[in-house]
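Here are the chains, one letter per residue:
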Amino acid sequence: MTLKERDKKHLWHPLKQHQTHPNSLAIVKAKGCHLFDEEGKSYIDAISSWYTCMFGHCNDYITSRVAEQMKTLDQIMFSDFTHQPAIELSEALIKILPVNQNRIFFNDNGSTAVEAAIKMALQYYFNKGEKRSSFIAFENGFHGDTFGAMSMSSLSVYNGPFEDFLMTIHRIPVPDGTNTEAILNQIQTIIESDLIAGFIYEPLVQGAAGMKIHDSDGLNEILNCFKSNGILTIADEVMTGFGKTGKYFASDHVSTKPDIICLSKALTAGLVPMAITSCTETIYKAFLGESIATGFMHCHTYSANPIACAAAIAAIELLQSDAIQNNITRIANAHKAFESKIQNHPKVKSTRSIGVILAIDLNTTAERYGDLRDKLLVFFMKNGVFLRPLGNTIYIQPPYVVTEEELQKVYSTIQKALDIV
Ligand SMILES: *Cc1c(COP(=O)(O)O)cnc(C)c1O
């Protein structure tokens, strides 16, 4: 039996309707930008396996650092102990994070990084004797699938069974360069009617919405508005962090800095799951006190797992190297050139790019997981490129180590795909 057949016996895949889509492709190996299936066919991983392996799959430098760590210290409880990998990682992160960030709290995936951020914001006010229970978030945001994170997400078309159990969230549109004034007025109205603990947002790029890019000046004004009203701001950089937008963090494009930042995905370069919620010293200090009850009583068993920390330290070293920084610039320029090449194509409605992220909206209407998406997915895989279109949006986010030749193959495959839609 093939792996594909054995898979069907006991496995349950995420985001999948098994009745209509019973098959999953079995990948047996990955190296650099390439995935290899059980029949020996290879695919360029043009979305870095959900924006994680930005330094290529099974990167030799990162795997050797992780292997070394595995032989020295595998796992230790982080509530009572500390260790060198966590300390080194915190130092490396504080050097590159926005300047107001000073504390590193560990989680194990993007959703729980958001969950911890929500709890931090609520308890920050609680510890100060204020009861605040609502949040503000952007329309079409995505922040994860646990209850708090799911509440913050408005891409909740599939959240029907859970809607009655979600937190209170007020939604505002993303700034598009023309609507900032209206958004600021809307925020004022919300603030006057409810006690708001925080504003959560994906800075500049809404990933799950289809790599939608918004206006940085408008975002800056919105953040300033929250700051001046004493409301905490939470940047969900789970997707945008670690170089994707051309800077270390998307928040680096905006002069007003968030109070809390959520990180995961590229943090550990696709090797092992880990996430971080960082915050300012002011927030951290609100949890100090004589009683344990004012402390942050939130913990995951694998918090600050030394092996995951080792992967993250090695990844940050690579991110800071000239070689990777030059690649990011090269990819960003190639994206711009490809955009101007296809933007007048009759099947193309619009294109956008920032850093290594490129998205193309097709001149069609399509459901998020509908027939067009299936057709495109099959076409791309047939042509040896792994892309995961959403609705009528095709987007790419290749590993920083993608070669010029591999990148051109991705572009030409997309161009060919325009003829079948
Ligand atoms: C992927 C993602 C999450 C959720 O992370 P998981 O590790 O899948 O739980 C949260 N926020 C954003 C912006 C994401 O892209």
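Check the entry above for the structure.
Throughout this description, residue numbers start from 1 for each chain and increase along the sequence as written. Only residues with pLDDT of at least 70 get local features here, since the model is predicted, and only at 80 or more are side-chain atom pairs given and counted; chain-wide, interface and lining totals rely on the full set of residues. The side-chain values count all of the structure's non-hydrogen atoms but skip hydrogen atoms and water molecules.

Brief notes about the overall build of the protein chain
Runs of E in the DSSP output that reach at least two residues are strands. Runs of H or I that reach at least four are helices, and both are numbered from the N terminus. The helix and strand tally for the protein chain stands at 13 helices and 16 strands. Computation of the radius of gyration draws on C-alpha atoms, with the globule rule given as 2.2 Å multiplied by the number of residues to the power 0.38. Against the globule reference of 22 Å for 421 residues, the protein chain gives a C-alpha radius of gyration of 22 Å, in line with a compact fold. Note on exposure labels: buried denotes an accessible area under 20% of the residue type's maximum, exposed denotes more than 50%, and partly exposed covers the range between, all computed with a 1.4 Å probe on protein chains only. Evaluated residue by residue, the protein chain yields a buried proportion of 52% over its 421 residues. For the protein chain, contacts bridging at least 24 residues in sequence account for 70% of all contacts bridging at least 6. Residue burial considers only the protein chains on display, and all accessible areas are found by Shrake-Rupley using a 1.4 Å probe. Within the structure as shown, the protein chain displays about 19100 Å² of accessible surface, and the carbon and sulfur contribution to it stands at 54%. Of the charged side chains in the protein chain, 37 are positive and 44 negative; the average position of the first set lies 5 Å away from that of the second. Residue contacts are defined here by distance: any two heavy atoms, one from each residue, within 4.5 Å place the two residues in contact. The convention is simple: Lys and Arg are positive, Asp and Glu are negative, and His and the chain ends are not counted. The location of each charge is read from NZ of Lys, CZ of Arg, CG of Asp or CD of Glu.

Some details on helix α8 (residues 216–228)
Multiply 1.5 Å by the residue count of a helix minus one, and that product is the helix's expected span. Taking 1.5 Å as the rise per residue, α8 with 13 residues should run 18 Å; its terminal C-alpha atoms sit 18 Å apart, in good agreement. Among the residues of α8, G218, L219, N220, I222, L223, C225 and F226 are the ones counted as buried. Among the structural elements, β5 (134–138), β6 (169–172), α7 (180–193), β7 (196–201) and β10 (232–236) are those in contact with the buried residues of α8. Side-chain atoms alone can form a polar contact between residues adjacent in sequence; in general such a contact is a pair of N or O atoms within 3.5 Å, and within protein one must be able to donate a hydrogen while the other accepts it. If you check the start of α8, you find a side-chain oxygen 2.9 Å away from the backbone N of G218, and it comes from D215. G230, located one to two residues past α8, shows a positive phi value of around 65°.

Remarks on the environment of K16
Its place among the elements puts K16 in the loop between α1 (3–10) and β1 (27–31). Using a relative accessible area of 24% as the deciding quantity, one classes K16 as partly exposed. The spatial distance from the C-alpha of K16 to the C-alpha of E38 is 21 Å, given a sequence separation of 22 residues. Discounting residues that sit within four places of it in the chain, K16 has contacts with H21, P22, N23 and S24. Reaching out from K16, the side chain makes a polar contact with the backbone oxygen of H21 at a distance of 3.0 Å.

Comments concerning the site of the ligand
Any residue with a heavy atom lying within 4 Å of a molecule or strand is counted as near it. Every residue near the ligand is listed here: N109, G110, S111, F142, H143, G144, E202, D236, V238, M239 and K265. Within the backbone of G110, an N or O atom sits 2.8 Å from an oxygen atom of the ligand. Within the contact set of the ligand, an oxygen atom lies 2.6 Å away from a side-chain nitrogen or oxygen of K265. Taking 380 Å² as the accessible area of the ligand by itself, protein coverage stands at 80%. Following the grouping adopted for this structure description, the nonpolar residues are Ala, Val, Leu, Ile, Met, Phe, Trp, Tyr, Cys and Pro, the charged ones are Asp, Glu, Lys and Arg, and the polar ones are all others, Gly among them. Across the shell around the ligand, the residue classes tally to three nonpolar, five polar and three charged.

Some points on the sheet that holds β6
By the convention used here, strands pair only if DSSP detects at least 2 bridges between them. An order of β4-β12-β11-β10-β7-β5-β6 is seen for the seven strands of this open sheet, with the pairing classed as mixed. Each end of this open sheet is capped by a strand with a single partner; those strands are β4 (103–107) and β6. Ignoring which end each strand starts from, the neighbouring axes of this sheet average 20° apart. Examined bridge by bridge, β5 and β7 share four bridges and lie parallel to one another. Among the inter-strand pairings, F135 is bridged to a residue of β7, identified as G198. Where α7 meets the sheet, it contacts β5, β6 and β7, and its direction lies at approximately 165° from that of β6. What counts as an axis is a line fitted to C-alpha atoms, over the stretch in contact for a helix, and the angles between N-to-C directions run from 0 to 180 degrees.

Topic: the packing of aromatic side chains
Only centres within 6.5 Å qualify two rings of Phe, Tyr or Trp (six-membered ring in Trp) as a pair; their planes then separate them into stacked at under 30 degrees, edge-to-face at over 60, and tilted for everything else. A full pass over the atoms with the stated rule returns 13 aromatic pairs. With centroids separated by 5.5 Å and ring planes inclined at 75°, the aromatic side chains of F287 and F296 adopt a geometry described as edge-to-face. For the pair F379 and F380, a centre-to-centre distance of 6.1 Å together with 70° between the ring planes defines the contact as edge-to-face. In terms of burial, F379 and F380 fall into one category: buried. Ring pairs connect the aromatic residues F138, F199, Y201 and F226, which therefore count as one cluster. By definition here, charges over rings are those cases where NZ of Lys or CZ of Arg is within 6 Å of the ring centre and within 35 degrees of the ring normal. Taking the ring centre of F36 as reference, the NZ or CZ of K29 above it sits at 5.4 Å. The ring of Y125 has R132 lying over it, and the distance from NZ or CZ to the ring centre is 3.9 Å.

Things to note about the layout of surface pockets
Volume-wise, the second largest pocket comes out at about 770 Å³. Along the wall of the second largest pocket there are 24 residues; nearest its centre are F78, I104, F105, F106 and Y284. For the lining of the second largest pocket, the secondary-structure elements that each account for two or more residues are α4 (84–96), β4 and α9 (281–285). Each residue belonging to the lining of the second largest pocket can be placed in one class, and the counts come to 16 nonpolar, seven polar and one charged. Cavities and pockets were defined on a 1 Å grid built from protein atoms only: a cavity is a group of points that admits a 1.4 Å probe but offers it no way out, a pocket is an open group of points flanked by protein on both sides within 12 Å along at least five of seven lines, and a lining residue is one with an atom within 4 Å of any such point. Grid points are joined across faces, edges and corners, and a volume is the space filled by probe spheres set on the points.

Description of the sheet that holds strand β13 (residues 348–354)
Working definition: the strands of a sheet are paired by backbone hydrogen bonds and lie parallel or antiparallel to each other. Taken together, three strands build an open sheet; the order of strands is β13-β14-β16 and the sheet is antiparallel. Both edges of this open sheet fall to β13 and β16 (393–396), since each of them pairs with a single strand only. Taking the axes of each pair of neighbouring strands and ignoring which way they run, one obtains an average angle of 15° across the sheet. Both strand β14 (residues 357–362) and β16 contribute to a ladder of four bridges, which runs antiparallel. The partner of D361 across the bridge, within β16, is T393. Lying over the sheet, helix α11 (residues 322–342) contacts β13, β14 and β16, oriented at roughly 170° with respect to β13. Running over the sheet, helix α13 (residues 404–417) touches β14 and β16 and is turned about 175° from β16.

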